[in-house]
Amino acid sequence: MDDAADIACAAPVTKERYRDAMAALAAAVNVVTTDGPGGRAGFTATAVCSVTDAPPTLLVCVKRDSSVGEAFRANGALCVNTLAPEHKPLSNLFGGRTPVEERFAAATWRRGPSGAPVLEGALAHFDCRIDRVVDVGTHAVLFCEVVDIGVGEPCEALIYVGRRYDAVPACVGAAG
Ligand SMILES: NC(=O)C1=CN([C@@H]2O[C@H](COP(=O)(O)OP(=O)(O)OC[C@H]3O[C@@H](n4cnc5c(N)ncnc54)[C@H](O)[C@@H]3O)[C@@H](O)[C@H]2O)C=CC1
Ligand SMILES: Cc1cc2nc3c(=O)[nH]c(=O)nc-3n(C[C@H](O)[C@H](O)[C@H](O)COP(=O)(O)O)c2cc1C
């Protein structure tokens with residue numbers, strides 16, 4: 001394969017062009033939470049992806065300079081709570097610039113096996129132990145082994161695409 005330097009491109013891939021293109025990708029919206037010695041924290045994330053089912057592993061990308069990043073590293077545990085359309089205000093609250101306690105006061109939570117808060121009424125949740133952290137540019141990539149799973153009642157998912165929210169049918173059901 002050619003070196004990246006050998007590839008001739010019409011225009012440089014600026015941060016702005018990259019974000020404009022990424023805005024075309026539809027993504028599920030999640031509130032990712034943690035609790036433990038590093039304190040309770042949570043943030044909205046679309047950068048969540050399944051890695052492998054053996055062992056069940058997902059990844060979460062968190063901005064290294066966000067107010068919440070350090071708590072995740074310190075606790076070594078997190079829960080990915082996948083949102084339903086009714087959680088749009090919660091997504092905005094956990095999307096930044098709101099004090100942590102105000103974020104959590106807006107919903108009902110219970111403690112998962114990892115110690116991380118699980119959102120009542122989530123479309124699904126994935127309780128995890130953080131297995132590995134890889135820093136890439138501005139973000140930390142958290143590789144997480146899933147230790148517990150729940151699938152909720154909602155039959156619609158909240159998605160984010162074109163810089164706006166939408167709702168799509170998502171009757172998840174449970175396999176086996
Ligand atoms: N992966 C991330 O860190 C994401 C961060 N956001 C935050 O929410 C704000 C509003 O987002 P939008 O309205 O979608 O407008 P935007 O133009 O800032 O972002 C468009 C798309 O680019 C990607 N993106 C945005 N910021 C990024 C980052 N720092 N690193 C990697 N990918 C990024 C996401 O796919 C996002 O949907 C952003 O400015 C950002 O602070 C939103 C989505 C993903
Ligand atoms: C729809 C949406 C998706 C987001 N996705 C991510 C993400 O995947 N990773 C990330 O680090 N921040 C993401 N953010 C931004 C964080 O939620 C925000 O930076 C976080 O709450 C920390 O903000 P703070 O430093 O003000 O606490 C997203 C925000 C919104 C509104």
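Computed from a prediction, not measured in an experiment: that's the story for all the values here.

Participant: Looking at this structure, how should I read the UniProt feature "domain: Flavin reductase like" (unreviewed entry) in the protein?
Facilitator: As annotated in UniProt, the feature "domain: Flavin reductase like" (unreviewed entry) corresponds to residues 22-167 in the numbering used here. Taken end to end, residues 22-167 is 14% helix and 51% strand, and its first and last C-alpha atoms sit 19 Å apart.

Participant: Any chance you could explain the packing of aromatic side chains here in plain terms?
Facilitator: Working definition: an aromatic ring pair is given by the centre-to-centre distance plus the angle between the planes. All told, the structure shown has five aromatic pairs when counted by the stated rule. Lying over the aromatic face of F104, R40 brings its terminal NZ or CZ to 4.2 Å of the ring centre.

Participant: Whenever I open this one, the site of ligand 1 confuses me. Can you help?
Facilitator: Around ligand 1, the neighbouring residues are R19, M22, A23, T46, A47, K63, H139, Y160 and R163. The side chain of K63 places a nitrogen or oxygen atom 2.9 Å from an oxygen atom of ligand 1. In the model, an oxygen atom of ligand 1 is placed 2.6 Å from a nitrogen or oxygen of the Y160 side chain. Computed on the free molecule, ligand 1 has an accessible area of 650 Å², of which 64% lies beneath the protein chains in the complex. Classifying every residue of the shell around ligand 1 gives four nonpolar, two polar and three charged.

Participant: For this particular structure, what's the right way to read the state of the cysteines?
Facilitator: What makes a disulfide is a covalent bond joining the sulfur atoms belonging to two cysteines. Counted according to the given criterion, the structure contains one disulfide. Through a disulfide, C155 is tied to C171; the S-S separation comes to 2.1 Å. Taking the torsion about the S-S bond as the criterion, the C155 to C171 disulfide, at about 130 degrees, is right-handed. Separated by 16 residues along the polypeptide, C155 in the loop between β10 (139-151) and β11 (156-161) and C171 in the segment after β12 (164-169) bring together distant segments of the chain. Here C61 is not disulfide-linked; the sulfur of C49 is the nearest cysteine sulfur, at 8.3 Å. In this structure C61 comes out as partly exposed when scored by relative accessible area, which is 21%. Of all cysteine sulfurs, the one in C128 lies closest to C79, which takes part in no disulfide; the gap is 7.0 Å. The class of C79 is buried, set by a relative accessible area of 0%.

Participant: I would appreciate a short explanation of the site of ligand 2 in the present structure.
Facilitator: Around ligand 2 sit 18 residues in total, of which K63, S67, F94, R97 and R103 are the nearest. T44 places a main-chain nitrogen or oxygen 2.8 Å from an oxygen atom of ligand 2. C61 places a polar main-chain atom, nitrogen or oxygen, 2.9 Å from a nitrogen atom of ligand 2. Starting from 630 Å² of accessible surface for ligand 2 in isolation, the protein chains cover 81%. Of all elements in the fold, only β3 (41-45) and β5 (56-63) reach the threshold of two or more residues within the shell around ligand 2.

Participant: What exactly am I supposed to notice about the pattern of salt bridges here?
Facilitator: If charged atoms from side chains of opposite charge come close, those side chains can pair. Considering all chains together, one arrives at 10 salt bridges under this definition. In this structure, R163 engages D20 in a salt bridge whose closest nitrogen and oxygen atoms are separated by 2.8 Å. On the criterion of sequence distance, the pair formed by R163 in the loop between β11 and β12 and D20 in helix α1 (residues 15-22) is long-range, its members being 143 residues apart. Overall, R163 belongs to the exposed group, its relative accessible area being 53%. Close ionic contact of R164 with D166 constitutes a salt bridge, the shortest N to O distance being 3.7 Å. The partly exposed category is assigned to R164, whose relative accessible area is 48%. Judged by relative accessible area, which is 35%, D166 ranks as partly exposed. One continuous salt-bridge network, built from bridges that share partners, spans R129, D131, R132 and E145.

Thresholds applied
Starting from 1, residues in each chain are numbered consecutively following that chain's sequence as written. Working convention: letters from A go to chains and numbers from 1 go to ligands, in the order in which they are written. Residue-level local features of this predicted model are given only where pLDDT is at least 70; pairs of side-chain atoms are given and counted only at 80 or more, and the full residue set underlies all totals for whole chains, interfaces and linings. The side-chain quantities take in all heavy atoms of the structure and omit both hydrogens and water. UniProt positions are given in the numbering used here, feature names are shortened, and annotations may be inferred rather than shown by experiment. By the criteria applied, helices consist of DSSP H or I runs no shorter than four residues and strands consist of E runs no shorter than two, each listed in order from the N terminus. Here the aromatic set is Phe, Tyr and Trp, taking the six-membered ring for Trp, and pairing holds for ring centres within 6.5 Å; pairs whose planes are under 30 degrees apart are stacked, those over 60 apart are edge-to-face, and all others are tilted. Charge over a ring is defined by NZ of Lys or CZ of Arg lying within 6 Å of the ring centre and within 35 degrees of the ring normal. We call a residue near a molecule or strand as soon as one heavy atom of that residue lies within 4 Å of the molecule or strand. We call two N or O atoms a polar contact when they sit within 3.5 Å, provided that within protein one can donate a hydrogen and the other can accept it, with sequence-adjacent residues counted only if both atoms are side-chain atoms. Surface accessibility follows the Shrake-Rupley procedure with a 1.4 Å probe radius. Residue values consider only the protein chains on display as shielding. Nonpolar residues are Ala, Val, Leu, Ile, Met, Phe, Trp, Tyr, Cys and Pro. Charged residues are Asp, Glu, Lys and Arg, and all others, Gly as well, are polar. Criterion for a disulfide: a pair of cysteine sulfur atoms at a distance within 2.5 Å. Working definition: with a 1.4 Å probe on protein chains only, accessible area under 20% of the residue-type maximum means buried, over 50% means exposed, and in between means partly exposed. A carboxyl oxygen of Asp or Glu within 4 Å of a side-chain nitrogen of Lys or Arg is what we treat as a salt bridge.

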